[in-house]
Amino acid sequence: MTGLSTVLIVVGLFLAGGVYSFWKQKLPMGVVVLLGIASVMCLVAGVLRIQGIWA
């Protein structure tokens, strides 16, 4: 299912952009960290699905 993998990677990159934007705006660090964790989780899940490790 490469469609779901693509969606996960796109969402992860979108969240990564949010992390950068929030960091530049000097928002509370807790928000930046939580958004960063969500971004990394989406990106890792998408890559693992592409590799076939996590179906």
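Residues numbered from 1 in each chain as written. Predicted model: local features only at pLDDT ≥ 70, side-chain atom pairs only at ≥ 80, totals over all residues. Heavy atoms only, no water.

Colleague: In this structure, what is going on with the overall build of the chain? I would like to understand it.
Modeller: What the chain contains, in helices and strands, is two helices and zero strands. With the C-alpha coordinates aligned to their principal axes, the bounding extent of the chain is approximately 40 × 15 × 10 Å. Classification of the 55 residues of the chain by burial places 24% in the buried group. Excluding contacts between residues fewer than 6 apart, the proportion of contacts in the chain whose partners are at least 24 apart in sequence is 61%. (Helix = DSSP H or I, 4+ residues; strand = E, 2+ residues; numbered from the N terminus. Buried < 20%, exposed > 50% of the residue type's maximum accessible area, 1.4 Å probe, protein only. Contact = heavy atoms within 4.5 Å.)

Colleague: Help me out: how do you make sense of unusual backbone geometry in this one?
Modeller: Trans is the common state for peptide bonds, and a negative phi is the common state for residues other than glycine. In the Ramachandran plot, lysine 26 falls in the positive-phi region, its phi being about 60 degrees despite a non-glycine side chain. Along the chain, the position of lysine 26 falls in the loop between α1 (2–24) and α2 (29–51). You can call lysine 26 exposed: its relative accessible area is 71%.

Colleague: When you look at α1 in this model, what are you seeing that I'm missing?
Modeller: Think of an α-helix as turning once every 3.6 residues; residues three or four places apart then point the same way. In this model, α1 (23 residues) spans 33 Å end to end at C-alpha, consistent with the 33 Å of a helix rising 1.5 Å per residue. Residues of α1 that are buried sit in contact with α2. Of the residues trailing α1, lysine 26 is marked for its positive phi of about 60 degrees. (Expected span 1.5 Å × (residues − 1).)

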